[in-house]
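The lines below spell out each chain.
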Amino acid sequence: MTEKLSILGSTGSIGTQALDVCENAGIAVTALTANSNAKLIEAQARKFKPKMVALADEVAAKELKIRLGDTDIKVLGGQKGVCECAAEETADTVLNGIVGMAGLEPTLTALGAKKGLALANKETLVAGGSLVTRTAKENNIRILPVDSEHSAIFQCLQGMNKKQELKSIILTASGGPFFGKTRAELENVTVAEALRHPNWSMGAKITVDSATMMNKGLELIEAVWLFDVSPSEIQIVVHRESVVHSLIEYVDNSVIAQLGVPDMRIPIQYALTYPERIPSPVKRLSLSDYKSLTFSKPDYETFRCINLCRSAIEKGGLFPAIANGANEKANELFRKGKVGFLQIADLVEAAISNGVSKDNYTLSDVLEADRAAREFVESHVR
């Protein structure tokens, strides 16, 4: 069980809920990082009293240094400062809740420092899967998933005696705000409509990913690396209620599921207390309150991003990094009103088709593939 924790991305949805978990579980917080929200991280620092904090935005970091000038908290700036927090010497675990590719280098830093890793930054494994898993193995670190779906799979696998018993993984998807819509109906949807997730409270980028179902494609890639399975061994099912968080199928066709109310504090807490379980402030699940649970096949023609991700991981090498980088840029452009909702998938597909890959890649290769994919997307927006 974690005793001292460094939280990367403390002002985001995962980070703020992780702090709730720490307060409830009595886990000390030794480092905090965020992108640029100096006001919120100052309040967090004053409450949890970490040894150090960092803001990736160096201008905001200078502001934070002034704000915390009456304390003995070390204030750092830039990606270097974030990585220093990821390696904070007294922490036994790092929770990476950073959104996007910015989380990859801090992940590798934490693993290199032999810190336990609770991972909510799915792009880490999507873009740098073999690099990250190899680094974890070299440092004898087990990556504990924080995503609700991957945590559910991890929990279901606790009863497995040997890998040969596993037949398939079944990822559940809420379907996002546009479930049941046709391509024609999605032609002119707005950013505000895309941000109305039916069940989860998440940041803007991830909520748009849920609307396109790119989020599920990224989770498919992540599951390949986390659980050492092939893409063909992963199924996806739309489950609107978000009560069944994911399932596994054994070779005897038994199916084991993990259920709970849609509250991220459950998977966050399990990653931090594993292998123990402790009481949680989360509401208890009452199945009778739901009366029925529904399941259906995804509409792969309308929500094309899922199969684009499946194709990327089947190709291997840097193609998942290309798909991820293209999506991050296209998602950002959609949120800025510069491209339409359906163009996100078109741009990701074009970037994959244009991409150049290699199998034995380094961090610099991943970063270059990401940069090139973003540049490609930006250059193809009219």
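Just so it is clear, the model here is predicted, and its values are computed rather than measured.

The rules behind these values
- Residues numbered from 1 in each chain as written.
- Predicted model: local features only at pLDDT ≥ 70, side-chain atom pairs only at ≥ 80, totals over all residues.
- Heavy atoms only, no water.
- Core = buried A, V, L, I, M, F, W, Y, C linked by side-chain atoms within 4.5 Å.
- Buried < 20%, exposed > 50% of the residue type's maximum accessible area, 1.4 Å probe, protein only.
- Contact = heavy atoms within 4.5 Å.
- Helix = DSSP H or I, 4+ residues; strand = E, 2+ residues; numbered from the N terminus.
- Lys, Arg positive; Asp, Glu negative; His and termini not counted.
- Salt bridge = Lys/Arg side-chain N within 4 Å of Asp/Glu carboxyl O.
- Phe/Tyr/Trp six-rings, centres within 6.5 Å; stacked < 30°, edge-to-face > 60°.
- Axes fitted to C-alpha atoms, helices over the stretch in contact; angles between N-to-C directions.
- Parallel < 35°, antiparallel > 145°, perpendicular 65-115°, else oblique.
- Left-handed = near helix turned anticlockwise from the far one by under 90°.
- Nonpolar A, V, L, I, M, F, W, Y, C, P; charged D, E, K, R; others polar.
- Pairing = 2+ DSSP bridges.
- 1 Å grid on protein atoms, 1.4 Å probe; cavity = no way out; pocket = protein on both sides within 12 Å on 5 of 7 lines; lining within 4 Å.
- Points joined across faces, edges and corners; volume = space filled by probe spheres on them.

A. Broad picture of the nonpolar core. Ranked by size, the top nonpolar core spans 109 residues in total, and within it Val 53, Ile 169, Ile 268 and Leu 272 carry the most contacts. Not counting the four nearest positions on each side in its chain, Ile 268 is found in contact with Ile 14, Gln 17, Ala 18, Val 21, Leu 95 and Val 146. Judged by nonpolar contacts, the second largest core, of eleven residues, contains Leu 8, Cys 85, Ile 98 and Ala 110.

B. Focus on the side chain of Glu 241. Positionally, Glu 241 belongs in the loop between strand 9 (234–238) and strand 10 (244–250). Despite its burial, Glu 241 pairs with no opposite charge, the nearest such side chain being Arg 240 at 7.2 Å. The residues touching Glu 241, leaving out its near neighbours within four places in the chain, are Asn 199, Tyr 290, Ser 292, Leu 293 and Thr 294.

C. Fine view of the packing of aromatic side chains. As enumerated under the stated definition, the model contains five aromatic pairs in all. Measuring from centroid to centroid gives 6.2 Å for Phe 154 and Tyr 270, while their planes differ by 55°, and the two rings are tilted. Here Phe 154, found in helix 7 (residues 148–156), pairs with Tyr 270, found in helix 12 (residues 265–273); they are 116 residues apart in sequence, far enough to count as distant. A single burial state applies to Phe 154 and to Tyr 270, both of which are buried.

D. Quick look at the packing of helix 14 (residues 305–315) against helix 16 (residues 343–354). Running from amino to carboxyl end, helix 14 crosses helix 16 at an angle of 15°, the nearest separation of the two axes being 10 Å. Here helix 14 is positioned roughly parallel relative to helix 16, judged by the angle of their axes. Crossing hand, helix 14 versus helix 16: left-handed. Between helix 14 and helix 16, the residues in contact are Cys 305, Leu 308, Ala 312 and Lys 315 and Ala 345, Val 348, Glu 349 and Ile 352, respectively. For the contact of helix 14 with helix 16, the residue count by class is six nonpolar, no polar and two charged.

E. Representation of the sheet that holds strand 2 (residues 28–34). Strands sit in the order 4-3-2-1-5-6-7 across an open sheet of seven strands; the sheet is parallel. If you trace the sheet from one side to the other, it starts and ends with strand 4 (74–77) and strand 7 (143–145), each paired once. Strand-to-strand twist across the sheet, computed as the mean angle between neighbouring axes with direction ignored, equals 20°. Note: strand 5 (residues 93–96) against strand 6 (residues 116–119), four bridges, orientation parallel. Bridged to Val 94 within strand 6 is Leu 117. Each of strand 1 (4–8), strand 5 and strand 6 touches helix 5 (residues 104–112); the most contacted strand, strand 6, lies at about 155° to it.

F. Broad picture of the layout of surface pockets. Put simply, the largest pocket is a space of about 950 Å³. Along the walls of the largest pocket sit 46 residues, with Gly 97, Ile 98, Val 99, Gly 203 and Ile 206 positioned nearest its centre. When grouped by side-chain class, the residues that make up the lining of the largest pocket number 16 nonpolar, 24 polar and six charged. Of the voids in this model, the second largest pocket is the one considered here, and its volume is about 550 Å³. Forming the walls of the second largest pocket are 19 residues, and the residues nearest its centre are Arg 142, Trp 225, Leu 226, Phe 227 and Asp 228. Here the lining of the second largest pocket gets four residues from one element, more than from any other, and that element is helix 6 (residues 122–138).

G. Focus on the pattern of salt bridges. Tallying each qualifying case throughout the model produces 22 salt bridges. Put simply, Asp 209 and Lys 205 hold a salt bridge, and the shortest N to O gap is 2.6 Å. Of the two residues, Asp 209 and Lys 205 are both situated in helix 10 (residues 204–212); the distance of four residues between them amounts to about one turn of the helix. A residue is classified by how much of its surface remains accessible, and Lys 205, at 9% relative accessible area, is buried. Residues joined by salt bridges that share partners form a network here, namely Glu 42, Arg 46, Glu 63, Arg 67 and Asp 70.

H. Geometry of the packing of helix 6 against helix 15 (residues 319–335). Look at helix 6 against helix 15: their axes get within 7 Å of each other, and the N-to-C directions meet at 135°. The orientation of helix 6 with respect to helix 15, classified from their angle, is oblique. Touching Glu 123, Val 126 and Ala 127 of helix 6 are Pro 320, Ala 321, Asn 324 and Glu 328, all from helix 15.

I. Just the sheet that holds strand 8 (residues 166–173), in detail. Ordered in space as 9-8-10-11, the four strands form an open sheet in which the pairing is mixed. Both edges of this open sheet fall to strand 9 and strand 11 (255–259), since each of them pairs with a single strand only. Strand-to-strand twist of the sheet, defined as the mean angle between neighbouring strand axes without regard to direction, takes the value 20°. Two elements, strand 10 and strand 11, share five bridges in a ladder whose sense is antiparallel. Directly across from Ile 248, in strand 11, lies its bridge partner Ile 256. With respect to the sheet, helix 11 (residues 214–227) is in contact with strand 8 and strand 9, its orientation differing from that of strand 8 by roughly 150°.

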